[in-house]
Amino acid sequence: MRRIHFKSLKGSFVRNKDTLCDINDVGDVEVINNLDSDEDYNPVVVGEGQPNNNYEELSLKLISSLYLTMESKYFMTNKSMQIVIDGITDLNKLNNDYIIEKLKTNNVVIDKAILENNLFDKVHNAVHGELRSKFIRNKYYQNYFNYISPKCINLEGGSKFYYVPIIKTIEMLFKTKNFCKAYFSPESNVEDFSNICDGISFKNNLFYENNPHALQLILYQDAFEICNPLGSSRKKHKVVGIYFTVNNIPSRHWSKVGHIQLIGLVYEKTIKMLGFHKVLTVLLEDLKFIEVTGVEVEVDNKRINIKGSLLSVIGDNLGSHQVGGFVENFSTSGYFCRYCDFSYAHSNKPIVYRTKSLYEFDVNMANFEAEPSKGIKHNSVLNDLNYYHVCNPGLPPCIAHDMFEGVVQRDLMLAINQCVSNKLFSYDELNIKVSKLHFLFEKKYTFPLLSKGDKLPGNASQNMMLLLLFPFVFHDDDNLHVSAIWKLILCLRRICLLLLSFKISLNQVALLKTLITEYLEDRQTLFPNVSLKPKHHFMSHYPYLTRQFGPLRHLWTLRFEAKHQYFKNAIRHSKNYKNILFSLSNKHQLFQALNATQNLLFNDSVLSDDAHILGECEVSYEMKNLITTNIGNIDILISNYVTFRGTIYKTGQVVCYDIDAFGYFLLCKIQFILITKEYDDIYFVGQKTKIFCNYYNDLFYQFADETEINIFVKFNSLLCHEPLLQYLSTTKTILYSFKSTPYVV
């Protein structure tokens, strides 16, 4: 029965490679789904060379992993869990009686004690079972998974801060095989700016110059509501979450929510009452220890010392100003910028960027005069670190808040209102066209209905997509194309596409500066009575900040805000508001322990439902020669649909792999996808397509003479890893658009 069970499990659950080992080599248990996945629990058994009679330990790991997944990921309450366990126990007893009766009818006699001494009963035994009760199960989770318990820090006035020791979290990460592989396999970058390590701020940091393998820690803090923000509990349970990530790993892992580690939870009212300097004291002590002494970790059975420092602190404008000691009033404050000394009273004065020495001077002035000096209220507690300062700079912007919940949200609505006033289209016509917009091989995008107002009704992601798709909505409207409003919208769109780039060259940074200057001038010309907002000023610093921090997309807060959703789901399912901070931090740590123990984080494997060995007659002779020429005569898998490094690729999509001397982008229209047998890389085989841009409406058109050439494209050669948008127009012409500007020197 056991052999048949595992054979069935292998055929049903394993979606990528043959991770199921021989029955005599059964070892640890893995769950192939990760934090971002909505798939069901799929246990996959992998071999670690353990003894072939270790059934009791294996069953304990299987069942405990299942229970912990149900509790920490799917938020099953302990009461519900116990009901399920009791029900399965009764069913197991009934099954034993049924088997005995069936055996008797066939004249087979078996001792009932043998059936009752099965693996399920052993782990749930009322006396010795290690999973017999809620209390015992929690003890097992904490002892045998990589669990780090939150530590309660008592603050003034009875307030509490539940802190997850960052040193222990770092030690836990280095116990994870995939993390060590990612940490010690840095990306080989030839681009001008592809991550924060290419920025001037990092290159000028003496700590990382002297310690090239040191930890690059990025902090994030933000307040979020765990209750209905419109209900009676509004602001009663508003929590500030403090997280960190390790920047040393390849950028493809940065967007994974499971990579974001919890530092602590505290009520927002505690921050307002005591300030960050009181709450972050314990964290600051640990960060100083990491800077000076370092953390002892084990890598490949060797003990090594890893030092590290704080690289930057991410957050929205309000949170960044709170941490940095700047004024938090952006509408009436004379100095509202944390990057320069701009003020409304001296708007014509040349901009002077803030530096460490200027910041310290203003801090002393603020302390002496007991009021803010040039927008600085007090010194930041994080400036006590040896190698970090908020004005180095150390507080990068969030383009999601500044652009898509600021500039785009207001200015695109302003442009739409003006178009309606000029009778270029109506709100109803716009809503109908947007609702009918459909792209080949893409999901259906939905947006809130638009009506007259000051700003778009959508969230940051919806506003971003609406701006991106706007040229498709009116691609055939010649009257709109000749208007100055249309030019303004396209200029804003090009700015955002550059800001969304994963890689950006120095020439593209210069282009970004030109476009922003042009946009701000045109906006003031077209709308002289609508004043610029502080976020327009922040936008003017983006070329400078891109050179300091690299592509700003890597530093936006959207993925961190996705982490908030875990806590909101947890409290919604538990409905227990007694000691919320401990309950949420403890459940989160159990879930992270599951991920770390099962080695689920930092996984680069290709996922595919239909992958199989490429057969001899499955592709044409020309295609077979093309594959052999590029990768040799080796076994390889073929698929029509894969997920690799967080992006879905399927046949019919187009990917951009090069740009020719004339500025035409070269695309590959995917016919099928090849996967290495190790499931660690992919290749595209398809037809070559050349496209050119019509700057009249900012969309790309196909160059018809280049569609019959079969090509082979490596994943690492893509200019942009995201497939292009394809829209079939009313004239049956396919229009193309990038989702972000591809890297071009």
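Above this text is the structure in question.
Bear in mind the structure is a predicted one, so any value in this text is a computation, not a measurement. (Residues numbered from 1 in each chain as written. Predicted model: local features only at pLDDT ≥ 70, side-chain atom pairs only at ≥ 80, totals over all residues. Heavy atoms only, no water.)

K.L.:
Would you mind showing me how to read the side chain of His564 here?
P.N.:
Along the chain, His564 falls in helix H24 (residues 558-574). Among the polar contacts made by the side chain of His564, one reaches the side chain of Tyr243 at a distance of 2.8 Å. Once residues within four sequence positions are removed from consideration, His564 is found in contact with Tyr220, Asp222, Phe224 and Tyr243. (Helix = DSSP H or I, 4+ residues; strand = E, 2+ residues; numbered from the N terminus. Polar contact = N/O pair within 3.5 Å; in protein donor to acceptor, adjacent residues only side chain to side chain. Contact = heavy atoms within 4.5 Å.)

K.L.:
Looking at this structure, I do not really get the pairing of strand S5 (residues 215-225). What am I missing?
P.N.:
Regular strands have side chains that alternate between both faces of the sheet. Counting buried residues along S5, 10 of its 11 residues qualify, which places the element largely inside the surrounding structure. Sheet topology note: the S5/strand S10 (residues 308-314) ladder contains six bridges and is parallel. Note that in S10 the partner of Gln216 across the bridge is Ser309. Where S5 lies against strand S6 (residues 238-246), nine bridges are found, and the strand directions are antiparallel. (Buried < 20%, exposed > 50% of the residue type's maximum accessible area, 1.4 Å probe, protein only. Pairing = 2+ DSSP bridges.)

K.L.:
Hey, could you run me through the packing of helix H16 (residues 399-421) against helix H18 (residues 460-473) in this one?
P.N.:
Angle between the axes and distance between the axes are the two parameters that describe a pair of packed helices. With their axes 9 Å apart at the nearest point, H16 and H18 run at an angle of 50° to one another. Comparing their axes, H18 and H16 come out oblique. When you trace H16 past H18, the crossing you get is left-handed. From H16, Ala400, Phe404, Glu405, Val408, Gln409, Leu412 and Ile416 reach across to H18, where they touch Ala460, Asn463, Met464, Leu466, Leu467 and Phe470. Per-class residue counts for the contact of H16 with H18 are 10 nonpolar, two polar and one charged. (Axes fitted to C-alpha atoms, helices over the stretch in contact; angles between N-to-C directions. Parallel < 35°, antiparallel > 145°, perpendicular 65-115°, else oblique. Left-handed = near helix turned anticlockwise from the far one by under 90°. Nonpolar A, V, L, I, M, F, W, Y, C, P; charged D, E, K, R; others polar.)

K.L.:
For this particular structure, what's the right way to read helix H26 (residues 621-631)?
P.N.:
What sets the pattern is the α-helix's 3.6 residues per turn: residues three or four places apart point alike. Met623, Leu626, Ile627 and Ile631 are the residues of H26 that are buried. The buried residues of H26 all sit within an arc of 100° when viewed along its axis, so they share a single face. Away from its buried face by more than 90 degrees, H26 exposes Tyr621, Glu622 and Thr629. With its phi angle positive at about 85°, Gly632 sits one or two positions after the end of H26. (Arc of directions from axis to C-beta.)

K.L.:
So what exactly am I meant to see when it comes to helix H20 (residues 484-499) here?
P.N.:
For H20, spanning 16 residues, the distance from its first C-alpha to its last is 23 Å, which sits close to the expected 22 Å at 1.5 Å a residue. Counted residue by residue, H20 has 13 buried out of 16 residues, so it is predominantly covered. (Expected span 1.5 Å × (residues − 1).)

K.L.:
Help me out: how do you make sense of the sheet that holds S10 in this one?
P.N.:
Across a sheet, paired strands are connected by hydrogen bonds in the backbone, their directions being either parallel or antiparallel. Sheet architecture is open: six strands sit in the order S3-S4-S7-S6-S5-S10, paired in mixed fashion. Every interior strand has two partners, whereas the edge strands, strand S3 (151-154) and S10, have only one. Adjacent strand axes in the sheet meet at a mean angle of 20°, parallel and antiparallel pairs treated alike. Here H24 sits on the sheet in contact with S5, S6, strand S7 (261-267) and S10, set at roughly 55° to S5.

K.L.:
Any chance you could explain the nonpolar core here in plain terms?
P.N.:
For soluble globular proteins, the rule of thumb is that nonpolar side chains tend to be buried together. Ranked by internal contacts, the top residues of the largest apolar core, which has 182 residues, are Ile166, Phe174, Met403, Ile416, Leu469, Ile495 and Tyr542. Take this core: its biggest share by element is 13 residues, from H16. Listed in part, the 19 residues of the second largest apolar core include Tyr649, Ile675, Ile682 and Ile711. (Core = buried A, V, L, I, M, F, W, Y, C linked by side-chain atoms within 4.5 Å.)

K.L.:
What is the right way to look at the pattern of salt bridges in this model?
P.N.:
Summed over the entire model, instances satisfying the criterion amount to 13 salt bridges. One salt bridge in this structure joins Glu268 and Lys272, with 4.0 Å as the shortest N-O distance. With Glu268 and Lys272 both in helix H11 (residues 268-274) and four residues apart, the pair spans about one turn of that helix. Relative accessible area serves as the criterion here: at 16%, Glu268 is assigned to the buried category. Accessibility expressed as a relative area gives 59% for Lys272, which makes it exposed. Measuring nitrogen to oxygen at the nearest pair gives 3.3 Å for the salt bridge that ties Asp341 to Lys349. Via salt bridges that share partners, Lys238, Glu268 and Lys272 belong to a single interconnected network. (Salt bridge = Lys/Arg side-chain N within 4 Å of Asp/Glu carboxyl O.)

K.L.:
Mind showing me how you'd approach the sheet that holds strand S14 (residues 641-644) here?
P.N.:
One open sheet accounts for three strands, arranged S11-S14-S15; its pairing is antiparallel. Because the sheet does not close on itself, it has two edges, and the strands there are strand S11 (607-608) and strand S15 (647-650). Inspection of the sheet shows S14 paired to S15 by four bridges, in the antiparallel sense. Residue Phe644 lies in a different strand from S15, and its bridge partner there is Thr647.

K.L.:
I'm lost on the packing of aromatic side chains in this one. Help?
P.N.:
The relative placement of two aromatic rings is captured by the distance of their centres and the angle of their planes. Applying the stated rule across the entire model yields 41 aromatic pairs. Between the aromatic rings of Phe472 and Tyr727, the centroid separation amounts to 5.5 Å while the plane-to-plane angle is 65°, which identifies the pairing as edge-to-face. Here Tyr727 lies in strand S21 (residues 725-728) and Phe472 lies in helix H18, a separation of 255 residues in the sequence. Residue Phe472 shares its accessibility class with Tyr727, and that shared class is buried. Between the aromatic rings of Tyr664 and Phe692, the centroid separation amounts to 6.4 Å while the plane-to-plane angle is 85°, which identifies the pairing as edge-to-face. Here Tyr664 is found in the loop between strand S16 (654-659) and strand S17 (665-675), whereas its partner Phe692 is found in strand S18 (residues 682-694), with 28 residues between them in sequence. (Phe/Tyr/Trp six-rings, centres within 6.5 Å; stacked < 30°, edge-to-face > 60°.)

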